[in-house]
Amino acid sequence: MFTSEFKERGSKFIGYLIPAKSEQEFDEQLQKLKTELWDASHHCYAYRIGASDTTEFSSDDGEPSGTAGLPILNQLRSNELVDVCAVVVRYFGGTKLGKSGLIEAYGEGAKQAIEIAKLKTVIPCVWFQVSYEYSEENIIQKLRQDFQLHEKDSEYLENVTLTVAAPKELSDSFKNRLEDLAHLSISFKKMDSGYYFS
């Protein structure tokens, strides 16, 4: 979780950027935040979940429609962020900001939290399961380098079985190379498309 804070005409705005891989995970984080900051005037938020089929949602939490949740969501969109939610909490300071003032303040709250966050890059990929004999380890190491493979799981039994991701643009070439290596007791199964973070 990354946090930013600033004041605008007496009101205090605190921005939070929180990783979340599901709506349920986000709800849990939001409830925790609402419990901790129970005395805040508003807990406005937006989230974008899923890299390939993105689910978006935003809430103004009592602020005038479109003045809080949407500016927060627009910050997530313009930074192409997924699997993340931004919450901007407001402690009302007595002076009304007007619609444009609110839009600016809530957008700024999300923007500042994003700027201090340590972000990861989403890599669209195709998953493969590769099995091979220990004697082929050098060939597999070369494949790892040539195709920028990302390892998820490994099992070292009689043979080695790896679950790896090949970046989408390299996945067909990787599959072709594996087919070429079939004579070396290297077998594979192409699995689902997906993504990982680098």
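Look above for the structure.
Per-chain numbering applies: the sequence of each chain, read as written, is numbered from 1 onward. Reporting in this predicted model follows two pLDDT cut-offs: at least 70 for local features of residues, and 80 or more for side-chain atom pairs to be given and counted; totals over whole chains, interfaces and linings ignore these cut-offs and use all residues. With hydrogens and water set aside, each side-chain value is computed from the structure's full complement of heavy atoms.

**Q** Got a minute to help me understand the pairing of strand S3 (residues 42-49) in this structure?
**A** A regular strand places its side chains on the two faces of the sheet in alternate fashion. Per-residue accessibility, obtained with a 1.4 Å probe over protein chains only, is compared with the maximum for each type, and a residue is labelled buried under 20%, exposed over 50%, and partly exposed between these values. Helix and strand definitions here come from DSSP, where helices need a minimum of 4 consecutive H or I residues and strands a minimum of 2 consecutive E residues; each element is numbered from the N-terminal end. Counting buried positions along S3 gives eight out of eight residues, so the element sits mostly inside the fold. Residues of S3 alternate between two faces, with His-42, Cys-44, Ala-46 and Arg-48 on one and His-43, Tyr-45, Tyr-47 and Ile-49 on the opposite face, all of them buried. DSSP-based pairing: two strands are paired if at least 2 bridges between them are found. Of the strand pairs in this sheet, S3 and strand S5 (residues 84-91) are connected by seven bridges, and their pairing is antiparallel. Directly across from Tyr-47, in S5, lies its bridge partner Cys-85.

**Q** Teacher, can you tell me more about the sheet that holds S3 here?
**A** Within a beta sheet, neighbouring strands are joined by backbone hydrogen bonds and run either parallel or antiparallel to one another. With antiparallel pairing, five strands are arranged side by side in an open sheet as S1-S2-S5-S3-S4. Pairing within the sheet leaves two strands with one partner each, and these edge strands are strand S1 (2-8) and strand S4 (55-59). For this sheet, the mean angle separating the axes of adjacent strands, direction not counted, is 15°. Packed on one face of the sheet, helix H2 (residues 69-78) meets strand S2 (11-19), S3, S4 and S5 and runs near 35° to S3. Sheet strands in contact with helix H3 (residues 98-116) are S1, S2, S3 and S5, and its direction is about 145° off that of S1. For helices, the fitted axis covers only the stretch in contact; all axes are lines through C-alpha atoms, and the angles between them, taken along N-to-C directions, range from 0 to 180 degrees. Throughout, a contact is declared for two residues whenever any of their heavy atoms are within 4.5 Å.

**Q** Honestly, the side chain of Arg-144 in this entry has me stumped. Any pointers?
**A** Tracing the backbone through its elements, the reader meets Arg-144 in helix H4 (residues 137-146). Polar contacts involving the side chain of Arg-144 include one to the side chain of Glu-151, which spans 2.8 Å. Contact partners of Arg-144, with chain neighbours within four places excluded, come to Leu-149, Glu-151 and Leu-162. Polar contacts here mean pairs of N or O atoms no more than 3.5 Å apart (in protein, one a potential hydrogen donor and the other a potential acceptor; neighbouring residues in sequence count only if both atoms are side-chain atoms).

**Q** Can you help me understand the pattern of salt bridges in this one?
**A** Side chains carrying opposite charge are able to pair once their charged atoms draw close together. The working definition used for a salt bridge is a side-chain nitrogen of Lys or Arg within 4 Å of a carboxyl oxygen of Asp or Glu. Summed over all chains, the structure comprises nine salt bridges. For Asp-146, the salt bridge goes to Arg-177, with nearest N and O atoms at 3.5 Å. Of this pair, Asp-146 sits in helix H4 while Arg-177 is found in helix H5 (residues 168-180), placing the two residues 31 residues apart along the sequence. Residue Arg-177 is classed as partly exposed on the basis of its relative accessible area of 32%. When salt bridges that share partners are traced, they join Arg-48, Glu-56 and Arg-77 into one network.

**Q** Just checking my understanding: could you explain H4 for this structure?
**A** Every α-helix carries 3.6 residues per turn, so stepping three or four residues along brings you back to the same face. Residues of H4 that are buried include every one of Ile-140, Leu-143 and Arg-144, and no others. One face of H4 carries all of its buried residues, which in axial projection span an arc of 105°. For H4, exposure combined with an orientation more than 90 degrees from the buried face picks out Asn-138 and Gln-145. Looking at the buried residues of H4, the elements they touch are strand S6 (122-132), strand S7 (150-156), strand S8 (160-167) and H5. A positive backbone phi angle near 50° is found at Gln-148, which sits one or two residues after H4. Relevant arc is that of directions from the helix axis to the C-beta atoms, nothing else.

No statement about biological role is implied by the geometric values presented.
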